[in-house]
Number of protein chains: 2
Amino acid sequence: MHSFPTSSPPSAPPFTKQTLEITHSYISPFLSAHALITPHIHRTPVLTSTTLSALASTPTTPITLLFKAENLQKIGAFKIRGATHAIARLSDEQLRNGVVTHSSGNHAQALALAARTASQTRGFPIPAYIIMPHISTPSKIAATRSYGGILTFSGPTSTEREAATAEVQARTGAAYIPPYDHGDIILGQGTMALELQAQAAELGYPLDAIVAPCGGGGMLSGVAIACEGTGVRVYGAEPREGADDAARGLEEGRRVEKVGLVKGVFTVGEEEILGAMGLVVERMKVLVEPSGAVPVAVVLGGEGWKEEVERWAAEEGEEARARRGGRGYNVGVVLSGGNTTIEKIVELFGKKKE
Amino acid sequence: MHSFPTSSPPSAPPFTKQTLEITHSYISPFLSAHALITPHIHRTPVLTSTTLSALASTPTTPITLLFKAENLQKIGAFKIRGATHAIARLSDEQLRNGVVTHSSGNHAQALALAARTASQTRGFPIPAYIIMPHISTPSKIAATRSYGGILTFSGPTSTEREAATAEVQARTGAAYIPPYDHGDIILGQGTMALELQAQAAELGYPLDAIVAPCGGGGMLSGVAIACEGTGVRVYGAEPREGADDAARGLEEGRRVEKVGLVKGVFTVGEEEILGAMGLVVERMKVLVEPSGAVPVAVVLGGEGWKEEVERWAAEEGEEARARRGGRGYNVGVVLSGGNTTIEKIVELFGKKKE
């Protein structure tokens, strides 16, 4: 069973380099981003689970898993961080004509809610124009509308989506806020790593590594850059048989991997992902969407993962070993989103039995 | 979306009559019970949901729902409170031969874990003998074993279960701890009401009412007695087409109702319960078992419920109205447990579509 009362209250003081004990040169923009978005997002709890930690441990190396529950974030996913930050960085002048993006997923809901929140703080309406493929699931469409998004439907190909976006931009003068490839989005998503590091330390389990989904690449990049110089190893996780999104994420992940910030990318199959999702739901009692369960599947036994963990111990210097003092490793796992439905669960797990 | 970082840390000071601002005569034994069990249970968070509160409101009366998330409690249900308390009240001498109960549900897991925890604090082994009907679901059997319970299987009727219990008691000398009808169990379950009242007040939503499942009656009785004299109205919730358990709960609920502590018992049908369960899972992203969703179904529109709420306003004196100062009502809702499985969800919701 996991323990809950672990997150600080929302009134927790803002991070500083001192509280994080981090002094390297990449951290400052993340601290600024975090200060900007903190009033508008949840400081999501960090959950633990004895059962899942036991499953993640190797015969020689005990592992404690620390789950960053962004499935309990506003709009049900971490994407609200990037969208809120990207909007916060624009001037009143730039926001007068609204914002626009194309997304069939959580970024659509995130931008719609972030624009609505900013409308209140700025004191003028900021329309959020969302281009969605007409084949999007009804629940995603309904959710985006419920946050005030103004929808335009397009064909499903990227060419059609981009053309529709350009048309709305030309007609409205709205500022384009892409889902991934944007500095302020990456900084916003990366703020999660600051919280996770601080919360893990508060719990007495300072992080040795973080496993995050590749997704579109924005969050993995942000987490990797934010952790640079902290000694926390950052890994990407992705489904083996991928949708378009996963392929795009892989590409982005590999790019960050090449720069040396991401130590590796691990892949898992659909059965492993569903198994991990089931364990999170049944043992931790929180809902996670399949893509959000990918890092869980990796740490529970994705191909090559446990060998990687054993390498940490083998490669560890005397000083690091002394600092650890015989304890195992503490691994942060990002539960990136919880936006799925009962209907989808029935579809995914019902067919397993046939 | 609900907000999370609402519960106090586990290091919160113990309750006193002063912090609760309650001075009536029933509260003291609950405060003592809470002090005894606090080191061994989670102070579960209180969750809120804008969507569900809106659904619960009437055209004239805004309602804020405050969900006590006992589905995130140890063993996944509130029953650990009563079991921990009942064991804490026994002497070393009484515990030497272990404890025994018959249960096919959460009380079995609760007693097994509570005995294991007490073994550590008392410094000697306390076996937990659990009599389960042989038709119990494999997941319940596995969970009870995983907490160290020593299982004996019996026939499914109460006569068979009681005979098996008596046999184990005679053979081992273990102390019998029943699931419901026991003072220390009722006091233990009632501690939840103290936490819920305190947490709701901390959040700025002092409670006007609590809706709890009838279940076996132990928790409803405890909550009702603990709230006596506080001005918080306590209601029972139960399924219309009931299993044995529900019927037993109804009987117990009616008994407490007759004493005047429970203001009323509301019933809901299976469709309403599944609808409520789906909303909790999809909107609040936490898992609740069907029986734990019964109070949610009541406050979202169980027969007669909204009329009851409107009566509060109609019957309210000047003083109470002035104290409310124009705000709506704040209703605590107990999410009593989260012990269900993906397989069960597929079964329950898959058949809905056929």
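Residues numbered from 1 in each chain as written. Chains lettered and ligands numbered in written order. Predicted model: local features only at pLDDT ≥ 70, side-chain atom pairs only at ≥ 80, totals over all residues. Heavy atoms only, no water.

## Observations concerning the nonpolar core
Leu65 and Trp305 of chain A together with Leu65 and Trp305 of chain B are the most contacted members of the largest nonpolar core, which has 86 residues in total. Apart from the residues within four sequence positions on either side, Leu65 of chain A is in contact with Leu47, Thr48, Leu52, Ser53, Ala56, Val299, Leu300, Val331 and Val333 of chain A. (Core = buried A, V, L, I, M, F, W, Y, C linked by side-chain atoms within 4.5 Å. Buried < 20%, exposed > 50% of the residue type's maximum accessible area, 1.4 Å probe, protein only. Contact = heavy atoms within 4.5 Å.)

## Re the pairing of strand β2 (residues 63–69) of chain B
Residues and elements named next belong to chain B. Among the 7 residues that make up β2, 6 are buried, leaving the element largely enclosed by the rest of the structure. In terms of strand pairing, strand β1 (residues 46–47) meets β2 through 2 bridges, oriented antiparallel. Residue pairing in the sheet places Val46 in a bridge with Lys68 of β2. Pairing analysis gives 7 bridges linking β2 to strand β10 (residues 329–335), with the strands arranged parallel. From the neighbouring strand, Phe67 faces β10, where its bridge partner is Val333. (Helix = DSSP H or I, 4+ residues; strand = E, 2+ residues; numbered from the N terminus. Pairing = 2+ DSSP bridges.)

## Focus on the packing of helix α4 (residues 79–88) of chain B against helix α6 (residues 106–122) of chain B
Residues and elements named next belong to chain B. Across the interface, α4 lies against α6 with an axial gap of 8 Å and an inter-helix angle of 45 degrees. Overall, the two elements α4 and α6 adopt an arrangement that is oblique. Seen from above, α4 lies across α6 with right-handed handedness. Of the residues in α6, those touching α4 at Lys79, Ile80, Ala83, Thr84, Ile87 and Ala88 are Asn106, His107, Ala110, Leu111, Leu113, Ala114, Ala115, Ala118 and Arg122. Looking at the contact of α4 with α6, its residues break down into 10 nonpolar, 3 polar and 2 charged. (Axes fitted to C-alpha atoms, helices over the stretch in contact; angles between N-to-C directions. Parallel < 35°, antiparallel > 145°, perpendicular 65-115°, else oblique. Left-handed = near helix turned anticlockwise from the far one by under 90°. Nonpolar A, V, L, I, M, F, W, Y, C, P; charged D, E, K, R; others polar.)

## Focus: α6 of chain B
All names here are of chain B. The first and last C-alpha atoms of α6 sit 24 Å apart over 17 residues, in line with the 24 Å expected at 1.5 Å per residue. Restricting attention to buried positions, one finds in α6 the residues Asn106, His107, Ala108, Gln109, Ala110, Leu111, Ala112, Leu113, Ala114, Ala115, Ala118 and Ser119. Residues of α6 that are buried make contact with α4, β3 (99–102), β4 (128–133), α7 (138–146) and α9 (183–202). One or two positions beyond α6, positive phi appears at Gly123, with a value near 85 degrees. (Expected span 1.5 Å × (residues − 1).)

Read these as geometric descriptors, not functional statements.
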